[in-house]
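Okay, here's what each chain looks like letter by letter:
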There are 2 protein chains.
Amino acid sequence: MGIKERKLKHKEDLKQSILDAAKKLFIKEGYEATSIRKIAAEIEFSPTTIYLYYKDKAAISHALHQEGFKLLASQFTILNYIENPFERLKAMGRVYMQFALENNDFYELMFNREEPLVCVEDHWEEGEQAFSLLVMSVRACQQAGYFTQFDAEAFSMFIWSTMHGLCTLKIKGHLEHVTRNKMILQNVPDVFTHTFETFIATLEKLR
Amino acid sequence: MGIKERKLKHKEDLKQSILDAAKKLFIKEGYEATSIRKIAAEIEFSPTTIYLYYKDKAAISHALHQEGFKLLASQFTILNYIENPFERLKAMGRVYMQFALENNDFYELMFNREEPLVCVEDHWEEGEQAFSLLVMSVRACQQAGYFTQFDAEAFSMFIWSTMHGLCTLKIKGHLEHVTRNKMILQNVPDVFTHTFETFIATLEKLR
DNA sequence: TTGGAAAATTAACAGTGTTAAGTATATTTG
DNA sequence: CAAATATACTTAACACTGTTAATTTTCCAA
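Report follows, based on the coordinates.

1. Some remarks on helix H8 (residues 125-143) of chain B
Next, step 1: Taking 1.5 Å per residue, 19 residues should reach 27 Å; H8 of chain B reaches 27 Å between its end C-alpha atoms and fits that length.
Next, step 2: All of the buried residues along H8 of chain B are Glu126, Gly127, Glu128, Phe131, Ser132, Leu134, Val135, Ser137, Val138, Ala140, Cys141 and Gln142 of chain B.
Next, step 3: If you follow the buried residues of H8 of chain B, they end up packed against helix H10 (174-181) of chain A together with helix H4 (57-76), helix H5 (85-102) and helix H9 (152-171) of chain B.
Next, step 4: A positive phi of about 95 degrees marks Gly145 of chain B, the residue just after H8 of chain B.

So this is what it looks like as structure tokens:
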């Protein structure tokens, strides 16, 4: 059965190659520019070969989407080294922001596109796992006297909303658009960070 | 010069017809499905005629985007009837949420798409105007003793982030996804509204 | 060596935005 | 009034997109 395994291995390899090529194109040129034909050209196969390994483009989007969550999860690992719960929550926000800024195509795919989610039907494990981490941090904060009058999950949802909104506005350029032309917050060097700090300041008062 | 004016009128009419057709398709079938060819078929002209009235598809997107802001602004008018500043701010949030829910294609175009903004270069008047309304509401709240330790504009940005994030998560189905499968907030009939109320509760504590 | 399965390809369909070139239809001018 | 010109619109085409059916190539086992 050695040969059969090798074939299977090869099949897995090609599937991975496709994903790698897609990832490369995706990071360099964004989602729109990542076409099946370009991926095929990258790995030097015909476009239709892709369909032997992925059902359709949404399946590739979903795979990329999962790569994104892996990356985010790896960035979150440093949070384990932060003892103070509120400091950890703050750090979590900062990591989330940095991830969104540095990988805005991934961020877009993970949270603002519908394509990858049509694959997942109704069991979005990656997202749920990341959310759990937030809820755990919030619970730890509650142990330390923060947000005690709130339900941990509802409060987590509120935090996620704020962070997601802020990152999305930043990525789409709306933060800069509004501040620059309305001659608002001109003295603030970075509206993105400044808004985050305003948010943190409100949270700090809730203990 | 009567004839020349009539011709100009006709030209404006056709431009409006194109926009109306685009709007109709857009509302019924969403952004992706609103193609130049379908718009052309709707008004019974050839696709290339569209280009005599709009530079490209982004220009049509921008026109639709402006229609969206007009609609939102009209929804905001009822706020004038609310005296209490904090009540007005809450109502503003609710109107924003309702607008996002009922016109999610418009919302997408107004805040999550880049196409319409390439037209606007760096003077996004509609967005800036809506933001001013928020800042004014926040200032009124400050007069009433709320958020006094914050900068009105920075605080407004925080509020917008939260509302935008919440609406975006809702529209993309992420709220439901997370709560349903994590067996979280199951007792809450509407997570969207519930998260908003959690947000309002935090704001209420900042006076 | 040959038969058959698996893997990859070619060709095609139906669609997209967009442009250049051509054709009617008015309007202005000689 | 007829010819020249400007305006409005269309046809045909280009270069793409995702996706499928039919076909060819490759490779392993009998």
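2. Here's the deal with the packing of helix H4 (residues 57-76) of chain A against helix H8 (residues 125-143) of chain A
Residues and elements named next belong to chain A.
Next, step 1: The contact between H4 and H8 brings their axes to 10 Å, and the two run at 20 degrees. The orientation of H4 with respect to H8, classified from their angle, is roughly parallel. As H4 packs across H8, the resulting crossing turns out to be left-handed. Counted together, His65, Gln66, Phe69 and Phe76 of H4 and Glu126, Gly127, Ala130 and Leu133 of H8 form the full contact between these two elements.

3. Remarks on the relation of the copies chain B and chain A
Next, step 1: For the match of chain B to chain A, the screw axis carries a shift of 0.0 Å, the RMSD comes to 0.1 Å, and the turn is 180 degrees. One copy is carried onto the other by what is essentially a two-fold rotation axis.
Next, step 2: Of the interface residues in chain B, 100% have counterparts in chain A that sit at the interface too, so the contact is made through matching surfaces.

4. Let's talk about the protein's contact with DNA strand C
Next, step 1: Near DNA strand C, the surroundings consist of 21 residues, among which Ser46, Thr49 and Tyr53 of chain A together with Arg37 and Thr48 of chain B are the closest.
Next, step 2: Counting only atoms of DNA strand C within 4 Å of the protein, the fraction found in sugar and phosphate groups is 51%.
Next, step 3: Interatomic distance of 2.7 Å between a side-chain N/O atom of Ser35 of chain B and a phosphate oxygen of DNA strand C.
Next, step 4: A distance of 3.0 Å separates a phosphate oxygen of DNA strand C from a polar backbone atom of Ile36 of chain B.
Next, step 5: The set of elements that each furnish at least two residues to the surface near DNA strand C consists of helix H1 (2-33) and helix H3 (50-53) of chain A together with helix H2 (36-43) of chain B.
Next, step 6: Counting residues per element, the surface near DNA strand C draws most heavily on H1 of chain A, at four residues.
Next, step 7: Its residues placed into classes, the surface near DNA strand C shows seven nonpolar, seven polar and seven charged.

Analysis parameters
- Residues numbered from 1 in each chain as written.
- Chains lettered and ligands numbered in written order.
- Predicted model: local features only at pLDDT ≥ 70, side-chain atom pairs only at ≥ 80, totals over all residues.
- Heavy atoms only, no water.
- Helix = DSSP H or I, 4+ residues; strand = E, 2+ residues; numbered from the N terminus.
- Expected span 1.5 Å × (residues − 1).
- Buried < 20%, exposed > 50% of the residue type's maximum accessible area, 1.4 Å probe, protein only.
- Contact = heavy atoms within 4.5 Å.
- Axes fitted to C-alpha atoms, helices over the stretch in contact; angles between N-to-C directions.
- Parallel < 35°, antiparallel > 145°, perpendicular 65-115°, else oblique.
- Left-handed = near helix turned anticlockwise from the far one by under 90°.
- Least-squares fit on C-alpha atoms with pLDDT ≥ 70 in both.
- Near = heavy atom within 4 Å.
- Polar contact = N/O pair within 3.5 Å; in protein donor to acceptor, adjacent residues only side chain to side chain.
- Nonpolar A, V, L, I, M, F, W, Y, C, P; charged D, E, K, R; others polar.

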